[in-house]
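# A structural walkthrough
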Amino acid sequence: MARKHPDWKPDLLRTHREEIGLTLEDTGEKLREIAERHGFNIAANFQTIWGHEKGSVYPGPHYRRAYCRLYRRNEAQLGFRKALPGEDAPVESVPAPTSAERKLPNQPDAVRKALSSIREGTDDVDGEALRNRVVNAWSRHAAGVTDGPTVLLVGGYAGSGKSEFAKFLGSLTGWPILDKDSLTRPLVDQLLVSLGGKAHDRSSDLYKEKVRPLEYRCLMEAAWDNLDCGISAILDAPFIAEFAQSAWMQRFQNRCRSKRVSVATIWVECDVESMREYIEFRGAARDAWKMEAWDDYALGLDLKFRPQGPHFVVDNRLGAAVALVDEARDVLSGGGL
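Everything numeric in this text was worked out from a predicted model, so none of it was measured. (Residues numbered from 1 in each chain as written. Predicted model: local features only at pLDDT ≥ 70, side-chain atom pairs only at ≥ 80, totals over all residues. Heavy atoms only, no water.)

What follows deals with unusual backbone geometry. One non-glycine residue, Arg 72, lies in positive phi territory at about 55 degrees. Under the relative-accessibility criterion, Arg 72 is labelled partly exposed at 26%. One non-glycine residue, Leu 318, adopts positive backbone phi at about 60 degrees. Considering the arrangement of structural elements, one finds Leu 318 in the loop between strand S6 (312-315) and helix H15 (320-333). The exposure class assigned to Leu 318 is partly exposed, which follows from its relative accessible area of 27%. (Buried < 20%, exposed > 50% of the residue type's maximum accessible area, 1.4 Å probe, protein only. Helix = DSSP H or I, 4+ residues; strand = E, 2+ residues; numbered from the N terminus.)

Right under this line is the structure:
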């Protein structure tokens, strides 16, 4: 375990637990409450907590996210990894929080902090304007007021965290989320079989040439159905081929402009190890081919890839952006220790 996670400091979990006066049993109960609130897949008990604190078992992604919410620290501060550039530095110890310190920040501040991970990918986009639009949509959604249509394209490699970020934006704004897999997966699986392929194959020429174009056509048609009715939409898909084509991007921008639809393209970047961990964790059948040939698959990933044309980038390396999303969700739900 030490070889795989050389920067891990498991003793910091015990330090934080003891400094806020929690027993192992208390911690397990708190983590289960957090898991229920956020939809995390964990079943924490005192043996699990003990194994994490002793360093015998490295916590999985949902456990780490739950610990971050419980102790109000990021993964670096809890000793799971090194800090990213610009991220709050690790703390070896923290004083026991007072009741005032345990209070959650106000909701607008929490939302803006979570959205701070959106940065300009090109010089011709305005990150602050996009963040303001999302915050305003959240405020208007909470008040039951509608706004002009907006379409957000949220793309990224498998396991990058794009769906998590898209869902967060959807929960803030009330805009429907059009997830490519949710819309088309059952049909795609059956179509592949009917054409002589395998149901969960996403790597063959058969899929790429005959099926994938239809997948994205369904996604885009569903988006236009909403936008034509003045309903905003968030599109969640890898968009690798589409974002790489300046002509495709320009046509989409032109069509949105002709319909007076605001558009923003967001690319969620992540590191290879984090993507692999999340793909392993979700255990989806469609990812089997990736795991069976991971080294070859990873070699084909261009970590410097960026969409053609105006776009934004969300830095989710080591799960940093998703951690801010978790924090904002906690604030919005009123969750606490």
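Looking now at the packing of helix H5 (residues 107-115) against helix H7 (residues 162-173). The axes of two packed helices give the description: the angle between them and the distance between them. Direction vectors running N to C along H5 and H7 enclose 150 degrees, while the axes themselves pass 12 Å from each other. Between H5 and H7, the angle is such that the two are roughly antiparallel. Where H5 crosses over H7, the two elements pack in a sense that is left-handed. Two secondary-structure elements touch here, H5 through Val 111, Ala 114 and Leu 115 and H7 through Phe 165, Phe 168, Leu 169 and Leu 172. For the contact of H5 with H7, the class distribution of residues is seven nonpolar, no polar and no charged. (Axes fitted to C-alpha atoms, helices over the stretch in contact; angles between N-to-C directions. Parallel < 35°, antiparallel > 145°, perpendicular 65-115°, else oblique. Left-handed = near helix turned anticlockwise from the far one by under 90°. Contact = heavy atoms within 4.5 Å. Nonpolar A, V, L, I, M, F, W, Y, C, P; charged D, E, K, R; others polar.)

The next subject is the pattern of salt bridges. Under the defined criterion, the tally for this structure stands at 26 salt bridges. Glu 128 serves as the salt-bridge partner of Arg 131, at 3.3 Å between the closest nitrogen and oxygen. Highlighted residues: Arg 131 and Glu 128, both in helix H6 (residues 127-142), separated by three residues, approximately one helical turn. Given a relative accessible area of 15%, Arg 131 falls into the buried group. Taking the relative accessible area as the measure of exposure, Glu 128 reaches 38% and is therefore partly exposed. Each of Arg 64, Glu 75, Arg 81 and Glu 277 takes part in a single network of salt bridges with overlapping partners. (Salt bridge = Lys/Arg side-chain N within 4 Å of Asp/Glu carboxyl O.)

What follows covers the packing of aromatic side chains. Per the stated rule, a full pass over the model turns up 15 aromatic pairs. For the pair Trp 8 and Tyr 58, a centre-to-centre distance of 5.0 Å together with 85 degrees between the ring planes defines the contact as edge-to-face. Placement of Trp 8 in the segment before helix H1 (11-19) and of Tyr 58 in the loop between helix H3 (46-54) and helix H4 (61-71) is noted, with a sequence separation of 50 residues between them. Here Tyr 58 falls in the buried class, since its relative accessible area comes to 14%. Centroid distance Trp 224 to Phe 252: 5.6 Å. Interplanar angle 50 degrees. Geometry classified as tilted. (Phe/Tyr/Trp six-rings, centres within 6.5 Å; stacked < 30°, edge-to-face > 60°.)

A separate point is H5. Within the span of H5, buried status applies to Ala 110, Val 111, Ala 114 and Leu 115. Viewed end-on, H5 has its buried residues packed into an arc of 135 degrees, placing them on one side of the element. Those residues of H5 that are buried are in contact with strand S1 (118-120), H6, H7 and H15. (Arc of directions from axis to C-beta.)

One can find Glu 75 in the loop between H4 and H5. Within polar-contact distance, the side chain of Glu 75 engages the side chain of Arg 64 at 3.2 Å. Once residues within four sequence positions are removed from consideration, Glu 75 is found in contact with Arg 64, Cys 68, Phe 80, Arg 81 and Leu 318. (Polar contact = N/O pair within 3.5 Å; in protein donor to acceptor, adjacent residues only side chain to side chain.)

With that settled, the discussion passes to the sheet that holds strand S4 (residues 233-236). Read across the sheet, six strands follow the order S1-S6-S5-S2-S4-S3 without closing on themselves; strand pairing throughout is mixed. Of all strands in the sheet, those bounded by a partner on one side alone are S1 and strand S3 (177-179). Shown here is a sheet whose adjacent strand axes are inclined to one another by a mean of 25 degrees, direction ignored. Relative to S4, S3 is paired through three bridges, and the arrangement is parallel. Across the sheet, residue Ile 177 finds its bridge partner in S4, namely Ile 234. (Pairing = 2+ DSSP bridges.)

Counting residues in hydrophobic clusters, the biggest one holds 32 residues, and the most contacted among them are Val 151, Leu 153, Leu 219, Met 220, Leu 235, Phe 239 and Phe 252. Of all the elements in the fold, those that place two or more residues in this core are strand S2 (150-155), helix H9 (205-227), S4, helix H11 (246-258), helix H12 (272-282) and helix H14 (294-299). Of all the elements, H9 adds the most residues to this core, at seven residues. With residues up to four places along the chain from it excluded, the contact list for Leu 235 reads Val 151, Leu 152, Leu 153, Val 154, Leu 178, Leu 219, Met 220 and Ala 223. Membership of the second largest hydrophobic core comes to 29 residues, among which are Leu 115, Val 135, Phe 312 and Val 314. (Core = buried A, V, L, I, M, F, W, Y, C linked by side-chain atoms within 4.5 Å.)

So far we have only geometry, and geometry alone does not tell us how the molecule works.
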